[in-house]
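The lines below spell out each chain.
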Amino acid sequence: MNGKNDQNLIQSIVLSIFEENGPTFVNKWPSSLSEQDALLIAIKTISLLMGDKVYQSGTDIEGMNYYGILPFPDLELNGLTYFFLIPDKMARGNAKAATITILIREENNTFFYDNMNYLRILMDETASKIQKIPNGTKYQKEMEHFRLELLEYTKNLKEIFSSSRKIKILISGLDQAGKTSFLLGVKKKYSEIIKSTPTKGISRTSEKIFADQQSIISIWDLGGQKRYREKFLEQYKVYLYNIDLLFYFIDIQDENRIEEALLLYKTLIQKLKELNEFPSIVVVLNKFDPDLKESIPTRKRAEYIKKEIKNYSDTFFVKVFETSIFDQWSLISAYSFGLSHLSPNRTLFKNQLKQLAEETNSSAFLLLNENGIILSDYAMDQISGKVFEISAPHFQTLYKTFKEFKMLKQDFIVSSGVADEGKKIVFKRIKVGKYDLYLLFLLEKGVEIQQFDDSLRKFSQNIKSLITMYI
Ligand SMILES: Nc1nc2c(ncn2[C@@H]2O[C@H](COP(=O)(O)OP(=O)(O)OP(=O)(O)O)[C@@H](O)[C@H]2O)c(=O)[nH]1
Ligand SMILES: [Mg+2]
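Residues numbered from 1 in each chain as written. Chains lettered and ligands numbered in written order. Predicted model: local features only at pLDDT ≥ 70, side-chain atom pairs only at ≥ 80, totals over all residues. Heavy atoms only, no water.

## Here's the deal with the overall build of the protein chain
Cut-off, in case you're wondering: Strands here mean DSSP runs of E at least two residues long; helices mean DSSP runs of H or I at least four residues long; both are numbered from the N terminus. Radius of gyration means the value over C-alpha atoms here, while the globule rule gives 2.2 Å times the residue count to the 0.38 power. Partly exposed residues are those whose accessible area sits between 20% and 50% of the maximum for their type, while under 20% is buried and over 50% is exposed, using a 1.4 Å probe and protein chains only. Between two residues, a contact is recorded if the distance between any of their heavy atoms is within 4.5 Å. The Shrake-Rupley method, run with a 1.4 Å probe, gives the accessible areas here. Residue values count only the displayed protein chains as cover. The charge count treats Lys and Arg as positive and Asp and Glu as negative. His and the chain ends do not count. Charge positions come from single atoms, namely NZ of Lys, CZ of Arg, CG of Asp or CD of Glu.
Along the backbone of the protein chain there are 14 helices and 16 strands. Whereas a compact globule of 471 residues would reach a radius of gyration of roughly 23 Å, the protein chain reaches 24 Å, a difference of no more than 12%. Reported as C-alpha extents along the three principal axes, the dimensions of the protein chain are approximately 65 × 60 × 40 Å. By residue count, 54% of the 471 residues in the protein chain fall in the buried class. If you take every contact in the protein chain between residues at least 6 apart in sequence, the share linking residues at least 24 apart comes to 68%. Working note: accessible area of the protein chain is about 22700 Å², and carbon and sulfur atoms make up 51% of it. The centroid of the 63 positive side-chain charges in the protein chain is displaced by 3 Å from the centroid of its 59 negative side-chain charges.

## Regarding the pairing of strand E4 (residues 77–87)
Formally: Here a strand pair is declared whenever DSSP counts at least two bridges between the two strands.
Most of E4 is tucked away: 10 of the 11 residues are buried. Across 7 bridges, strand E3 (residues 66–72) lies against E4 in antiparallel orientation. The residue of E4 that forms the bridge with Tyr67 is Tyr82. One ladder, built from 11 bridges, connects E4 with strand E5 (residues 95–105); its direction is antiparallel. Within the sheet, the bridge partner assigned to Leu85 lies in E5 and is Ala97.

## Regarding the packing of aromatic side chains
Cut-off, in case you're wondering: Classification of ring pairs uses Phe, Tyr and Trp, with its six-membered ring standing for Trp, and accepts pairs whose centres are within 6.5 Å; under 30 degrees between planes counts as stacked, over 60 as edge-to-face, and the remaining range as tilted. Note on criteria: charge over ring means Lys NZ or Arg CZ within 6 Å of the ring centre, with the direction from the centre no more than 35 degrees off the ring normal.
Summed over the entire model, instances satisfying the criterion amount to 20 aromatic pairs. Here Phe278 and Phe316 contribute two aromatic rings whose centre-to-centre distance is 5.0 Å and whose plane-to-plane angle is 40°, an arrangement assigned as tilted. With Phe278 in the loop between helix H9 (258–275) and strand E10 (280–286) and Phe316 in the loop between helix H10 (296–312) and strand E11 (318–322), this pair connects stretches of sequence that are 38 residues apart. Under the relative-accessibility criterion, Phe278 is labelled partly exposed at 47%. Among the aromatic residues, those joined into a cluster by ring pairs are Phe182, Phe247, Phe249 and Tyr335. Across from the ring centre of Phe72, 4.9 Å away, lies the NZ or CZ of Lys44, which sits over that ring. A cation over a ring is seen here: Lys293 above Phe288, with NZ or CZ 4.7 Å from the ring centre.

## Concerning the side chain of Ser164
Looking at the element boundaries, Ser164 is found in the loop between helix H4 (140–155) and strand E6 (166–173). Owing to a relative accessible area of 16%, Ser164 belongs among the buried residues under this scheme. For Ser164, the contacting residues outside a window of four places in its chain are Thr110, Gln214 and Ile216.

## Topic: the sheet that holds strand E2 (residues 22–29)
Worth spelling out the cut-off: Inter-axis angles, ranging from 0 to 180 degrees, are taken between N-to-C directions of lines fitted to C-alpha atoms, where helices are fitted over the stretch in contact.
Spatial strand order, E2-E1-E5-E4-E3: 5 strands in an open sheet with antiparallel pairing. Looking along the sheet, the strands with just one partner apiece sit at the ends: E2 and E3. Adjacent strand axes in the sheet meet at a mean angle of 25°, parallel and antiparallel pairs treated alike. Here helix H12 (residues 346–360) sits on the sheet in contact with E3 and E4, set at roughly 95° to E3.

## Some remarks on the nonpolar core
To keep things clear, this is the line we draw: Throughout, nonpolar core names a set of buried Ala, Val, Leu, Ile, Met, Phe, Trp, Tyr and Cys residues whose side chains join them through atoms within 4.5 Å.
One finds Ile169, Phe182, Phe247, Tyr335, Leu367, Leu437 and Leu439 to be the most contacted residues of the largest nonpolar core, which totals 85 residues. Per-element tally for this core: the top contributor is strand E16 (residues 435–443), with 8 residues. Of all hydrophobic cores here, the second largest spans 33 residues; its members include Ile17, Ala98, Met143 and Leu150.

## What to know about the domain arrangement of the protein chain
Put simply, the test is: An automatic or database domain assignment is the source of the domain bounds shown.
Under the domain assignment used here, the protein chain contains domain 1 (10–155), domain 2 (166–340) and domain 3 (346–467). Inter-centroid distance (C-alpha atoms) of domain 1 to domain 2 is 37 Å.

## A look at the packing of helix H5 (residues 179–186) against helix H11 (residues 328–340)
Selection criterion: Should an angle fall under 35 degrees it is taken as roughly parallel, and over 145 as roughly antiparallel, whereas 65 to 115 is taken as roughly perpendicular and any remaining angle as oblique. Side-chain classes follow a simple rule in which Ala, Val, Leu, Ile, Met, Phe, Trp, Tyr, Cys and Pro form the nonpolar group, Asp, Glu, Lys and Arg form the charged group, and the remainder, Gly included, forms the polar group.
Here H5 crosses H11 at 95°, and the two axes come no closer than 9 Å. Here H5 lies roughly perpendicular to H11, going by the angle between them. For the pair H5 and H11, the contacting residues are Phe182, Leu183, Gly185 and Val186 in the first and Gln328, Leu331, Ile332, Ala334 and Tyr335 in the second. Here the contact of H5 with H11 is composed, by residue class, of 7 nonpolar, 2 polar and no charged.

Shown next as structure tokens:
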């Protein structure tokens, strides 16, 4: 544990650029950081950007800034890396890939999460300055300024940091909205759904996306009955403090209580603002059972709710899902979306999938963990996304069944003739470090999966270190 005012919190700062001869560091601090280590940092961070064809096709430079948290186990450090482009007429795609990396010791990992907003702004400002300076300079002044700002900021921090991030997810909504059933449904605990009773007070569980993940994810399922709701609103500070993600449930079938449900939502937003807590929000329009999908009154109600939610939500990031306990995929989609939004590396994952899609000439990709949680997805168009929606659960079951009966000789199944124009759907297991992950993707006519062994291997390699920092 490190006390407050830890002068040694920031271990290193490295600015790296993809120069003609490959990734290299152009500025490093402290001077005691060896050239070899600085080069390692440059190669590792830049290689995640390279091959990303986004910038090679001349997309605007402003639009592609993103960040991620990367482990550097050899150095026993973790890095927050900011990826950006420096305009350069002479370079391929008229730009050079660049990264700024802040390194801290692994045991101080939570520093990144707790101060992400500040760090992003500071990195963004510095990157903007660097983008405007003529090429070939060492960016000494900008990096020095960056370092001083950062050190000044960390000097005043009062928190004590640790290696494991604590994530708090709150599940709220009126009673009977289906909150508890949803959580059980995601875990396929169907027999318990039938027996489930209204939640008394609060039910706390935890989530593990990976068996040995560092982060501790707690899920607070709040009883929605009036007496529990009142208590919750009375003690809102306890419940809303340090919240990372809110799932807000509305029963789409309960037409008489829509206004009441919206009012509670509005109240929650007000309380959150008061506490200066800005979690991502997933609004779940639940009990949207498959036979109601086309019902006009239900659709109208859904549109009305979406409009109101948008009006109330202010600056919060909000995404609305329509779910039903009778549609497992709808539950998984909403749940996974929420969880993946907690991942600092979500943009990096998406970019890796995008890159893979380009290399394999595929229009869509899904990356799943062993429990079927969607870690990341990429779809070029809506139709491809829709195909997955329908086929993913089916493939997962098929794959498991085949494996169970030892009928699977390879680690993938291909189905042809399902989609139009001779496209094939592939469900494939990939080894990423010690984890088994699954890819679902669409292959164009005449293309065989074996052609992409190299791309898939590279993909596994690239996400191997990202995955340990997934959440
Ligand atoms: N038709 C339909 N019924 C559902 C769905 N989800 C849950 N239910 C039913 O709705 C009732 C309430 O579900 P719960 O999961 O206990 O609701 P809750 O939001 O946890 O309620 P509290 O714990 O009291 O806040 C149960 O009878 C469920 O079987 C759904 O998607 N469709
Ligand atoms: Mg409940």
